[in-house]
Amino acid sequence: VNRVLVTGAGGAAGVSVIRALTRAGHFVVAADPDPLAAGLALADQSVLLPFADDERFVPAVVSAVEHHAVEALITTVAEEMPPLRIGLASLAERGAAFWCSPTAAVSCCIDKWGFARAVEAANLPGPATVLADPDGDRSLLTGLPGPWVVKPRFGRGSRDISFVEEPDELAWAVRRTPGAIVQTRCRGREFTADVLIGRDGAVAGVVPRWRLETKAGISTKGTTFSDPRIDRLVGDTVAALGLEGAINLQGFVDDEADPGATDAVQLVEVNPRFSGGLALSLASGADLVGEFLRGTLGLPIRPERCRHEDGVTMTRYYEEIIVRDPDHGAPAP
Ligand SMILES: Nc1ncnc2c1ncn2[C@@H]1O[C@H](COP(=O)(O)OP(=O)(O)O)[C@@H](O)[C@H]1O
Ligand SMILES: [Mg+2]
């Protein structure tokens, strides 16, 4: 049993991690900037934290670690990783272990344009991508095959994404998207793979699942499966970007392409954190949270505990937490 601080308690990933840890008997302290984040009410204790870009963020985490005698810190928010790595020594001094991908890899995943260039440089299969300057040279877009996806360079959770069919609608979509990148739209079925990688860069587990339905960027219906091409893509991507720990990789499988073709599986995004659909991967038998916690604490990760069953299906619904306490949800002083 460990005392674990989990940040991002308001998100689906945070909630899945908190529930997996409490189920396993750990003492969980949940953290989020939003006093009404649902995960705060699911944990043993809760703390409010500033946002990652606030200079008070790391000091607040350090003081929460101290106050709750936390042994391991798990963040489910990519933007928190670079500052937390800087605060690593102060966390360790207070007895809290922390583990995530190196900052260069995290930054590459947060920046969709940087990510697209890294994918191209590493010769990984991904959609053709252009950084669109709204006032600048439109000619860059000619030659980029359609239909297109226009999305913000630093976007998340499927926010501000437009699907464009007509070439004369591209300029409009670019203008209304902050820091737009334009990408050829992938064909086929969308998947996410939840992945655990050891500190030595060895992939310990890959759980692919179809995204049968998504809402607000989170998988609401899905089914697990296996595909050796995805295992290979994960291995190549992890090696090229230098990823570690818990990540998820998103892409498309084109069933109409020759199954052996190098572009039959396309890589769209890597999030260097647990995913919003994690609950399905955990339910399919892969103990990604338990093994990630072991890795965080410096124990060896056991790949045999990261195996999953194919054909496990998730469908989700809303659940309410009702609190009768006039102080609950009060903003931080
Ligand atoms: N090139 C693409 N082709 C087809 N669909 C895409 C493409 N890029 C993004 N999408 C769709 O938009 C969603 C969000 O895009 P993504 O790049 O994952 O950004 P976010 O950080 O918002 O999750 C994807 O899950 C997918 O459904
Ligand atoms: Mg995504």
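Look a little higher up for the structure.
For clarity, every value in this text was computed on a predicted model and none was experimentally measured.

Asks: Got a minute to help me understand the site of ligand 1 in this structure?
Replies: Close contacts around ligand 1 come from 20 residues, with Lys-112, Lys-151, Ser-158, Glu-190 and Glu-269 the closest. Note that an oxygen atom of ligand 1 is positioned 2.7 Å from one of the side-chain N or O atoms of Lys-151. Within the backbone of Ser-158, an N or O atom sits 2.6 Å from an oxygen atom of ligand 1. Considered on its own, ligand 1 offers 540 Å² of accessible surface; in the complex 92% of this is hidden by protein. Sorting the residues of the shell around ligand 1 by element identifies β7 (148-152), β9 (180-184), β13 (245-253) and β14 (265-271) as the ones contributing at least two each.

Asks: Just checking my understanding: could you explain the side chain of Lys-112 for this structure?
Replies: Within the secondary structure, Lys-112 sits in helix α6 (residues 112-121). In this structure Lys-112 comes out as buried when scored by relative accessible area, which is 12%. A distance of 3.4 Å separates a polar side-chain atom of Lys-112 from the backbone oxygen of Gly-155. If we ignore the near neighbours within four places in the chain, the residues touching Lys-112 are Lys-151, Pro-152, Arg-153, Gly-155, Ile-181 and Glu-269.

Asks: Is there a simple way to think about the sheet that holds β7 in this case?
Replies: Pairing between the strands of a sheet is mediated by backbone hydrogen bonds and can be parallel or antiparallel. Here we have four strands laid out as an open sheet, ordered β6-β9-β7-β8, and antiparallel in their pairing. Each of the sheet's edge strands pairs with one partner strand only, and the pair in question is β6 (129-131) and β8 (162-164). On average, each strand axis in the sheet is inclined to that of its neighbour by 25 degrees, with strand direction left out of account. Relative to β8, β7 is paired through three bridges, and the arrangement is antiparallel. If you follow Val-149 over to β8, its bridge partner there is Phe-163. Relative to β6, α6 is tilted by about 140 degrees, and along the sheet it contacts β6, β7 and β9.

Asks: I'm lost on the pattern of salt bridges in this one. Help?
Replies: One pass over the structure, following the stated rule, counts 16 salt bridges. Between Asp-111 and Arg-153 there is a salt bridge, with its nearest N and O atoms 2.8 Å apart. Separated by 42 residues along the polypeptide, Asp-111 in the loop between α5 (103-110) and α6 and Arg-153 in the loop between β7 and β8 bring together distant segments of the chain. We classify Asp-111 as buried; its relative accessible area is 11%. Linking Arg-294 and Glu-291 is a salt bridge whose minimum nitrogen-to-oxygen distance equals 3.7 Å. Here Arg-294 and its partner Glu-291 are both found in helix α10 (residues 288-296), three residues apart, which amounts to about one turn of the helix. Each member of the pair, Arg-294 together with Glu-291, is buried. Residues joined in a network through salt bridges with shared partners are Glu-66, Glu-93 and Arg-94.

Conventions we followed
Residues numbered from 1 in each chain as written. Chains lettered and ligands numbered in written order. Predicted model: local features only at pLDDT ≥ 70, side-chain atom pairs only at ≥ 80, totals over all residues. Heavy atoms only, no water. Near = heavy atom within 4 Å. Polar contact = N/O pair within 3.5 Å; in protein donor to acceptor, adjacent residues only side chain to side chain. Areas by Shrake-Rupley, 256 points an atom, 1.4 Å probe, with all protein chains shown as cover. Helix = DSSP H or I, 4+ residues; strand = E, 2+ residues; numbered from the N terminus. Buried < 20%, exposed > 50% of the residue type's maximum accessible area, 1.4 Å probe, protein only. Contact = heavy atoms within 4.5 Å. Pairing = 2+ DSSP bridges. Axes fitted to C-alpha atoms, helices over the stretch in contact; angles between N-to-C directions. Salt bridge = Lys/Arg side-chain N within 4 Å of Asp/Glu carboxyl O.

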